[in-house]
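# Structural characterization, general
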Amino acid sequence: MRPSKGDTDERTAEDVATHPPRHRHDRAPEHRGRRRHRDRGRRPGELDDTDPPRWPCHRGGGMLNPMVSARHPLSRPDGSPIRALVVDDEVNLGELLRMAMTNEGWDARAATNGRDALEVIREFEPDLLVLDVMMPGIDGVELLTRVRASGNDVPVLFLTAKDAVEDRIAGIAAGGDDYVTKPFNLEEVVLRLRGMARRHVAAAVEADSLLRVGDLSLDEDAYEVQRAGVDIKLTAKEFELLRYLMQNSRRVISKTQILDTVWGYDFGGSSGVVEIYISYLRRKIDARGEPLIHTVRGVGYTIKPS
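In this text the structure is predicted, and so the values were computed from the model without any measurement. (Residues numbered from 1 in each chain as written. Predicted model: local features only at pLDDT ≥ 70, side-chain atom pairs only at ≥ 80, totals over all residues. Heavy atoms only, no water.)

### Focus on the nonpolar core
- Within the largest apolar cluster, 30 residues are counted, with the highest numbers of intra-cluster contacts made by Leu216, Leu242, Ile258 and Ile303.
- Sorting the residues of this core by element identifies β8 (210-213), β9 (216-219), α7 (236-247), α8 (255-263), α9 (272-285) and β13 (300-303) as the ones contributing at least two each.
- No other element matches α9, which puts eight residues into this core.
- Dropping the residues within four chain positions of it, leucine 216 is found in contact with Leu211, Val225, Gln226, Arg227, Ile232, Leu242, Met246, Ile285, Leu292 and Ile303.
- Ranked by size, the runner-up nonpolar core spans 23 residues in total, among them Leu93, Ala108, Leu157 and Leu193. (Core = buried A, V, L, I, M, F, W, Y, C linked by side-chain atoms within 4.5 Å. Buried < 20%, exposed > 50% of the residue type's maximum accessible area, 1.4 Å probe, protein only. Helix = DSSP H or I, 4+ residues; strand = E, 2+ residues; numbered from the N terminus. Contact = heavy atoms within 4.5 Å.)

In structure tokens form, the structure reads like this:
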């Protein structure tokens, strides 16, 4: 006997999540067979005509494709882009790093000396610093000493041509978080910066566990959701989905991003589960006031006051 339309919502979500279709959803078509045919019988690093163009790293090994940004750019707790500043008196190197960070979806700037960098730090308030140790005038270590003295705990990656143990110790002692010697692999530096940014954002979110969008609030520590002061009961998955939307308030989040973050990269079910849970949230949240969850047709979802 077929269930009535009103009885299908909760079970539909379970069916979709626990009984995936024979074919995986299309959340990441770029992964399908990307290397299966291309890498068979090839030596590491060997290219052929099917390989996309890649970007050579400055002074040394390492390749990066500037046309391919991170699949899911990290953002600050308010949804704005990560802010990064690179300080290096080698203009070309500074610009290369700035472009690589911009390619990550970040708001990146560059300075060529310590004095200018201090001014940019005060105005720009970066979430990440990349500092060259050897600079005329105010060098990287002195610059970081001044930054730390002001109470700023921004994560710092040092770049230097010095690889002696005492130099690394000096950089870490000044408050640096990581240390890379020149020449370096650009992809490695970007990966390290990405990890630093992720930890910085996580710490910022943990420090402020209360998320607000209009009259809607979500307390991560108390595991409570309220709208206009009225408690709203959510399931665990609904809570995770709402938290992700609110952490990215005013940004449009695709189904792929939601699946990867809320359900996990290995989820094998249909992307339709996202639509189902969005409908659950709308019934519980938007029914209590002006709509907050919006569909951007063909792109994804966003949460913001109308």
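### Comments concerning the sheet that holds strand β10 (residues 224-227)
- Read across the sheet, four strands follow the order β8-β9-β10-β11 without closing on themselves; strand pairing throughout is antiparallel. If you trace the sheet from one side to the other, it starts and ends with β8 and β11 (230-231), each paired once.
- Inspection of the sheet shows β9 paired to β10 by four bridges, in the antiparallel sense. Across the sheet, residue leucine 216 finds its bridge partner in β10, namely arginine 227.
- Against the sheet, α7 contacts β8, β9 and β10, and its axis sits at roughly 115 degrees relative to β9. (Pairing = 2+ DSSP bridges. Axes fitted to C-alpha atoms, helices over the stretch in contact; angles between N-to-C directions.)

### Describing the pairing of strand β3 (residues 83-87)
- With four of its five residues buried, β3 lies for the most part within the structure.
- Both β3 and strand β4 (residues 107-111) contribute to a ladder of five bridges, which runs parallel. Paired with arginine 83 across the two strands is aspartate 107, which belongs to β4.
- Sheet topology note: the β3/strand β5 (residues 128-132) ladder contains four bridges and is parallel. What sits directly across from valine 86, in β5, is valine 130.

### Structural notes on the UniProt feature "modified residue: 4-aspartylphosphate" (unreviewed entry) in the chain
- When the UniProt feature table is mapped to this numbering, "modified residue: 4-aspartylphosphate" (unreviewed entry) covers Asp132.
- Assignment of secondary structure puts aspartate 132 in strand β5.
- Relative accessible area serves as the criterion here: at 3%, aspartate 132 is assigned to the buried category. (UniProt positions renumbered as here; feature names shortened; annotations may be inferred.)

### Describing the sheet that holds β4
- Strand order in the open sheet formed by five strands is β4-β3-β5-β6-β7, with parallel pairing between adjacent strands. Looking at the sheet topology across the chains shown, the edges are occupied by β4 and β7 (178-181). Each strand axis lies, on average, 15 degrees off the axis of its neighbour in the sheet, ignoring direction.
- Here four bridges tie strand β6 (residues 156-160) to β7, and the two strands are oriented parallel to one another. Each bridged residue has a counterpart across the sheet, and for phenylalanine 158 the counterpart in β7 is tyrosine 179.
- Taken strand by strand, helix α2 (residues 91-103) contacts β3, β4, β5 and β6, and its axis lies near 170 degrees from that of β4.
- In the packing of helix α3 (residues 114-124) onto the sheet, the strands contacted are β3, β4 and β5, and the crossing angle to β3 comes to about 175 degrees.

### Re the packing of α7 against α9
- Orientation of α7 relative to α9, taken along the N-to-C sense of each, is 85 degrees, at an axis distance of 10 Å. By the angle class used here, α7 and α9 are roughly perpendicular. Along its contact with α7, which presents Lys237, Glu238, Leu241, Leu242 and Leu245, the element α9 presents Tyr277, Ile278, Tyr280, Leu281, Lys284 and Ile285.
- Its residues assigned to classes, the contact of α7 with α9 shows eight nonpolar, no polar and three charged. (Parallel < 35°, antiparallel > 145°, perpendicular 65-115°, else oblique. Nonpolar A, V, L, I, M, F, W, Y, C, P; charged D, E, K, R; others polar.)

### Things to note about the packing of aromatic side chains
- In total, this model carries three aromatic pairs according to the counting rule given.
- Ring geometry for tyrosine 223 and phenylalanine 239: centres 3.9 Å apart, planes at 20 degrees, overall stacked. Residue tyrosine 223 is found in the loop between β9 and β10, and its partner phenylalanine 239 is found in helix α7; the two are separated by 16 residues along the sequence.
- A residue is classified by how much of its surface remains accessible, and tyrosine 223, at 44% relative accessible area, is partly exposed. (Phe/Tyr/Trp six-rings, centres within 6.5 Å; stacked < 30°, edge-to-face > 60°.)

### Points about the pairing of strand β12 (residues 293-296)
- Where β12 and β13 come together, four bridges link them in antiparallel fashion. If you follow isoleucine 293 over to β13, its bridge partner there is isoleucine 303.
- With antiparallel pairing between neighbouring strands as the criterion, β12 and β13 make up a hairpin whose turn holds three residues, including glycine 298 at a positive phi of roughly 80 degrees.

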